[in-house]
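Coordinate analysis (summary)
The residues making up each chain are set out below.
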Amino acid sequence: MIRTHSDDDRPLPADVIAELREAKQTLEHHGLADRLTELVGTPITASMKMLPSVAEDTIHAAIDKSLAAALDVALRTLGHDTKDGKPKLLTHKLLAGISGAAGGAFGMATVAIELPVSTVLILRSIADIARSQGEDLTDVRTRLACLEVFAIDGGESDVDDKTEVGYFAVRAAMSKQVADASKYVLKFGVADTAAPPLVKLMGMIAKRFGVVVSEKIAAQAIPVIGAVGGALINSYFIDHYQDLARAHFTIRRLEREYGEAEIRAAYARL
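Note that the coordinates shown come from a computational prediction; the quantities given were computed from them, not determined experimentally. (Residues numbered from 1 in each chain as written. Predicted model: local features only at pLDDT ≥ 70, side-chain atom pairs only at ≥ 80, totals over all residues. Heavy atoms only, no water.)

1. Some thoughts on the confidence of the model for the protein chain
Per-residue confidence for the protein chain gives a mean pLDDT of 79, with 71% of residues at or over 70. Mean pLDDT across the elements of the protein chain ranges from a minimum in helix H5 (residues 89–106), with 49, to a maximum in helix H1 (residues 14–27), with 94. Low pLDDT, under 50, characterises residues 100–106; the predicted model gives this stretch 19 contacts beyond four residues in sequence or across chains. In the model, residues 157–164 has pLDDT below 50 throughout and makes 18 contacts with residues more than four positions away in sequence or in other chains. (pLDDT = per-residue confidence, 0-100. Helix = DSSP H or I, 4+ residues; strand = E, 2+ residues; numbered from the N terminus. Contact = heavy atoms within 4.5 Å.)

2. So, the pattern of salt bridges
Counted according to the given criterion, the structure contains 11 salt bridges. Across the salt bridge formed by Glu255 and Arg171, the nearest N and O atoms sit 3.0 Å from each other. A residue pair is termed long-range when its members are at least 10 positions apart, and Glu255 in helix H10 (residues 226–258) and Arg171 in helix H8 (residues 166–188) qualify at 84 residues. This pair shows no difference in class: Glu255 is buried, exactly as Arg171 is. (Salt bridge = Lys/Arg side-chain N within 4 Å of Asp/Glu carboxyl O. Buried < 20%, exposed > 50% of the residue type's maximum accessible area, 1.4 Å probe, protein only.)

3. Digging into the side chain of Arg171
In this structure Arg171 comes out as buried when scored by relative accessible area, which is 11%. Engagement of the side chain of Arg171 in a polar contact is seen with the side chain of Tyr167, the distance being 3.0 Å. Setting aside its immediate chain neighbours within four residues, Arg171 contacts Glu148, His248, Ile251, Arg252, Glu255 and Arg264. (Polar contact = N/O pair within 3.5 Å; in protein donor to acceptor, adjacent residues only side chain to side chain.)

4. Focus: the nonpolar core
Counting 70 residues, the largest nonpolar core has Leu147, Ile205 and Tyr241 as its most contacted members. Per-element accounting of this core gives the leading share, 11 residues, to H10. Those residues in contact with Leu147, other than ones at most four positions away along the chain, are Ala70, Leu71, Ala74, Leu123, Met202 and Ile205. (Core = buried A, V, L, I, M, F, W, Y, C linked by side-chain atoms within 4.5 Å.)

5. Description of the packing of aromatic side chains
Under the defined criterion, the tally for this structure stands at nine aromatic pairs. Ring centres 5.3 Å apart and planes at 55° place the aromatic pair Phe150 and Tyr241 in the tilted group. With Phe150 in the loop between helix H7 (140–148) and H8 and Tyr241 in helix H10, this residue pair connects regions lying 91 residues apart in the sequence. The exposure class of Tyr241 is buried, given its relative accessible area of 0%. One aromatic cluster is present, built from ring pairs that chain together Phe150, Phe209, Phe237 and Tyr241. The side chain of Lys24 reaches across the aromatic face of Tyr267, ending 5.0 Å from its centre. The lysine or arginine in question, Lys216, covers the ring of Phe237, its NZ or CZ lying 5.3 Å from the ring centre. (Phe/Tyr/Trp six-rings, centres within 6.5 Å; stacked < 30°, edge-to-face > 60°. Lys NZ or Arg CZ within 6 Å of the ring centre and 35° of its normal.)

6. Here we look at the environment of Ala181
Topologically, Ala181 is positioned in helix H8. Distance in space between the C-alpha atoms of Ala181 and Met202 is 9.7 Å, their sequence separation being 21 residues. What Ala181 contacts, discounting residues up to four positions off in sequence, is Leu144, Pro197, Leu198 and Leu201.

7. Concerning the environment of His60
Note on placement: His60 falls in helix H4 (residues 55–76). In this structure, the C-alpha to C-alpha distance between His60 and Lys207, residues 147 residues apart in sequence, is 9.5 Å.

8. Considerations on the packing of H1 against helix H11 (residues 260–269)
Interhelical geometry of H1 versus H11 gives an angle of 65° and a closest axis separation of 10 Å. As summarised for this structure, H1 and H11 are arranged roughly perpendicular, according to the angle between their axes. H11 is crossed by H1, and the crossing has right-handed handedness. Across from Val16, Ile17, Leu20, Lys24 and Leu27 in H1, the residues of H11 making contact are Ile263, Ala266, Tyr267 and Ala268. Along the lines of polarity and charge, the residues of the contact of H1 with H11 split into eight nonpolar, no polar and one charged. (Axes fitted to C-alpha atoms, helices over the stretch in contact; angles between N-to-C directions. Parallel < 35°, antiparallel > 145°, perpendicular 65-115°, else oblique. Left-handed = near helix turned anticlockwise from the far one by under 90°. Nonpolar A, V, L, I, M, F, W, Y, C, P; charged D, E, K, R; others polar.)

Put into structure tokens, the structure is as follows:
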């Protein structure tokens, strides 16, 4: 049963406020770029300017390929994983590190291969976190909510103005596309992932996911990084989205229990 403020006028329990505060801190953190800057010792923005001119096209192609693979996995296989228990965060992180080692060792030449592998690994970890927060992975809307995590952190934009409601602004901006994509899949199935509602949704995600991917690739492209650094950067990459997923699905769980309006109001007050 969903509890709302009108059902019970008492304030939210202290443990709920604590969960919400932790989630907000995660969603409003400085992002992957600052963490990578600390790791590599040079601003990522400067590193991005050093990428060759052909890198942009390579990165965009890799992002499109990665999200296409993630969409296919989300629609076709995520619903099969309904096991209970804690999410296997470390397992996914280690696998992502192995994938990132290749990217660090061979640079841009492996982006088209490494990034789709890393993205699917991250998606599976996101789904694992969603399941641990009580989400039903057999529901296509939940599986699309897993993909939505890739759009939560994408730098400043017209829907993310760094205010206390920035996270909810991103969700609101994507809500129609998620709803349209869900309706299409429920009606027509998953045979055509190039259908307009799915393409529009993935286009929105790609725009924001691409910002973070560019930061990651810029760090891996630094000559001194190598395979070990590439593995560590990829571990940061998946850790970043695991944190976002944990916050995202914590808020969704609290919304189911206490009502969306109540949780959003409490989030804004923190």
